[in-house]
Amino acid sequence: MRKFYILFLFLYSLTNAQSNLIINNQEYFETKGLNVMVFHDYYPDGHQTGVTIIQNGNRIAANGDLRLEPAPGQWSPVPVVGKRKVNIAENEISVSLSYPDSSKDRKGFNPIVYPNLNLKYNVRVKSINNTIKIYVDLEKPLPEEWVGKVGFNIELFPGEYFGKSYMMDNNYGIFTQQVNGPSYYDKNNKLQITPLAEGNNLVVSPENENSKLTFQSPNKLTLLDGRGEYNNGWFIVRSLVIAGKTKNAVELTIIPNVKPNWIYEPVVQISQVGYHPNQNKIAVIELDKNDPTVQKTELYKFSLSGQKELVLSNVPKVWGEFIRYKYLQFDFTKITEEGVYLIQYGNFITSPFQISKEVYNRHVWQPTLEYFLPVQMCHMRVNDRYKVWHGLCHQDDALMAPTDSNHFDGYVQGKETLTNYKPGEHVPNLNVGGWHDAGDYDLRVESQAATVYSLALAYEEFKVNYDETTINQTEKLVEIHQPDGKPDILQQIEHGLISIVNGYNSLGRLYRGIICPTLRQYTLLGDGVNMTDGKIYNNANGEIKDDRLVFTEENPWRELYTAGTLVAASRVIKKYNPELSNECLKIAEAIWGNYRSTNWDRSFAAIELFLTTGNEEYKNYIINNVNTEKQIINNAWILGRTLPLINDKNYELLVNSAVQKLKTGLDEEQKENPYGVPYKPDIWGAGWNIQEFGVKQYFLNKSFPKLFPKENMLKALNFVLGTHPGNNTSSFASGVGVNSLTVAYGVNRDEWSYIPGGVGSGTALIRPDFPELKVWPYFWQQTEYVMGGGACDFMFLVLAANIILNN
């Protein structure tokens, strides 16, 4: 009996140890169904930093840190993150932090005005069994004037808690879908939201085992709705720093709800559009790394009577581990019969998808051209049947930006305007053309150029004469779903060129960007016509100065890149608008002639100039200056287009030699994950990078078909259409496919809506290893629409797939 009892204690302790929250080799706390990261991420603006809780497969809390406001916003002070210390023996992670951050104080991108407070502190996170203990130690007691203002905040993701309950001591409530008052002004005349509840013991979502959390503190806890001040705010649990204390100035206990033996449910990732009969068809199955089973996977086809018929059943190939999951691959390439299918693995059933020769011919690339590009058009009124997407906007563009100024969105005007215009002076002819940036309505020259370039390449390669939109530049009017007899893609190229060319002619150089002057305008959610009054500012008549600002800069990379895009566009609109075509070429040649550098930026412009003009000067420049292996490897996709036109053996040998090494490197890179694409996100999702990769693979396949198969490009397309990490298998292209981003970060995000054909940035990485694509309209790093490198590259890939697979 005694032996049995000792064995029981041993087995119990072993089981209990395995279920305890302990620090793993990635240096975060882990047990089945629970992860706690401590300052692995570094992006508080995007709710990615501090103490982060992933419970039962979902990130439900983040940004746990000491903050100077009850509900901080994007431009609120954040600390400098110092050294992390990991103490395995004590099961503790600590981080040193301090205010202010001199790199952000009134300078840099998103500059912040820091108050007069020097504060150094440590955040210590310790786990005892499955309980999280958080302590904040100050170097010195909090200054008296800051008592009651500084507290430890941890934010709860609203999308997880809408409609769920909370209990604070003896008070109860529901997390509402919209923010509700009352609000008030504090003694400093700053708007504050009345707390939802206050007390010492808080339980959120007690009715739901996936999102239940308990908070306890010997000091008062406050539950706030951070959306009261900022639309993109989260629910906040806050504990103030105790006056006069340094050690344990904040004490907070968090008790997650850990399911015994929780395991991540399998997810089958497929293209939400479907597949062409002639392409490889590989579904990726994502499993918990501790899941020992590999089940049979079944492919079903629907008959005309609506019945499911099993057409393939086998055990999928084990690919291996990537980030935090185990992956399988189910290859059904041999199935080529057209029809509607679905895949089942265990209890997971995919959405229906088609196998068809027409899969990429309709409803895939068209929404980008029919909806997204028209909706993004600046200086136009955009109608869509009964709907007005936005009114005739920004007719007062733009005033010359003040010198020695640092704009909050990263624009910098130096000591001079670099033009004949004085700071604050109106620059004429800028109120035409261009596309709004997805979230904030500005016009960045590189975004305009990238969009023009992608569209120009698409037209040049695929001769897209699709017409579904009326675009009237004279009336500044767009009518969606009303054909006007002109190819939409050429009209869009023209619209982007008008902005760039008019800016150049007015300023005598390219603009850096055009953007609103105030944060109040910048954070506008709704119709862009409301950003300015449409009247040109004139100090003499006392009108309000709300006009956007135009910035300039000396930046060879942007100027030469734009020159290359202008000349590429000049080729494709030569017959459509010969006058504009000639102007583009003239400006591009002038920009190229202004620089005598031998860097790649000038080579890119020279290549496009040579492809357009055939001029020997550009040909000789390419031969003499594109001469390093690194240059060629990075840019082989465009250099391949020059080989048939440049009769130079040394140049040809150099390019072909480097391309062989590019092929070897790419082969190794494709082995890094089960998707065969370069998925390496930083803060933003890597969708737009992968689309750019796909476009380059198209041109590499065209120039070097024996080295670069068409499947490389198709893998990139499948990734965007749903074969990507995480349990949200949506297509990144809104309105494209069975499941897609229909809540996205566009100009209509506050309506929890989307713009068809817009393409989000895609699955982000919560450091160090958690892929995430949430249904949440305010995550620019996951669902913000991207212009040239996003939607237009996506359209290019679909057009390319349709042509290649059907020919």
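One numbering rule holds for all chains: residues counted from 1, following each sequence as written. In view of the model being predicted, local features appear only for residues whose pLDDT reaches at least 70, and side-chain atom pairs are presented and counted only at 80 or more, with totals across whole chains, interfaces and linings using the full set of residues. The basis for every side-chain value is the complete set of heavy atoms in the structure, and neither hydrogens nor water enter the calculation.

Caption draft 1: The arrangement of the sheet that holds strand β37 (residues 513-515) in detail. Ordered by their spatial adjacency, 4 strands build an open sheet running β31-β38-β37-β34, and the pairing between neighbours is mixed. The sheet terminates laterally at β31 (399-400) and β34 (443-444), the two strands that pair on one side only. Where β31 and strand β38 (residues 549-551) come together, 2 bridges link them in parallel fashion. The residue bridging M400 from the neighbouring strand is V550, located in β38. Whether two strands pair depends on DSSP finding at least two bridges between them. A helix here means a DSSP run of H or I that spans at least four residues, while a strand means a run of E at least two residues long, and both kinds are numbered starting from the N terminus.

Caption draft 2: Looking closely at the side chain of D769. Tracing the backbone through its elements, the reader meets D769 in the loop between β39 (764-766) and β40 (770-772). Taking relative accessible area as the criterion, D769 reaches 3% and is therefore assigned buried. Each polar contact in these results corresponds to two N or O atoms within 3.5 Å; when the atoms are within protein, one needs to be able to donate a hydrogen and the other to accept it, and residues that are neighboring in sequence are counted only if both atoms are side-chain atoms. A distance of 2.8 Å separates polar atoms of two side chains, one belonging to D769 and the other to Y28. Whether two residues are in contact is decided by their heavy atoms, any of which lying within 4.5 Å being enough. Setting aside chain neighbours within four positions, we find D769 in contact with Q26, Y28, M37, I323 and R324. Buried, partly exposed and exposed residues are distinguished by accessible area as a fraction of the type maximum, computed with a 1.4 Å probe on protein chains only: under 20%, between the cut-offs, and over 50%, respectively.

Caption draft 3: Just the packing of helix α4 (residues 445-462) against helix α7 (residues 556-572), in detail. Lines fitted to C-alpha atoms define the axes here, with helix axes fitted over just the stretch in contact, and angles between the N-to-C directions of these axes take values from 0 to 180 degrees. Between α4 and α7, the least distance of the axes is 9 Å, while the angle of their chain directions is 30°. Classed by the angle they form, the pair α4 and α7 counts as roughly parallel. Judged by the twist between their axes, the crossing of α4 over α7 is left-handed. Residue-level inspection shows V445, E446, A449, A450, V452, Y453, A456, Y459 and E460 of α4 in contact with α7, the latter providing W557, R558, Y561, T562, T565, A568, A569, R571 and V572. We call Asp, Glu, Lys and Arg charged. Ala, Val, Leu, Ile, Met, Phe, Trp, Tyr, Cys and Pro are nonpolar, and the rest, Gly among them, are polar. Each residue belonging to the contact of α4 with α7 can be placed in one class, and the counts come to 12 nonpolar, 2 polar and 4 charged. The labels follow the angle: roughly parallel below 35 degrees, roughly antiparallel above 145, roughly perpendicular from 65 to 115, and oblique for the rest. Crossing handedness: left-handed means the near helix sits turned counterclockwise from the far one by under a right angle, and right-handed means the same turn made clockwise.

Caption draft 4: Quick peek at the pattern of salt bridges. Salt bridge, as used here, is a side-chain nitrogen of Lys or Arg placed within 4 Å of a carboxyl oxygen of Asp or Glu. Inspection of the entire model under this criterion finds 37 salt bridges. Among the ionic pairs, K164 bridges to E160, the shortest N-O distance being 3.5 Å. A relative accessible area of 14% places K164 in the buried class. For E160, a relative accessible area of 14% translates into the label buried. The salt bridge involving E460 is made with R571; its shortest N-O contact spans 2.7 Å. With E460 in helix α4 and R571 in helix α7, this pair connects stretches of sequence that are 111 residues apart. What makes R571 buried here is its relative accessible area of 18%. Among the charged side chains, a network of salt bridges with common partners joins E92, R124, D137 and K247.

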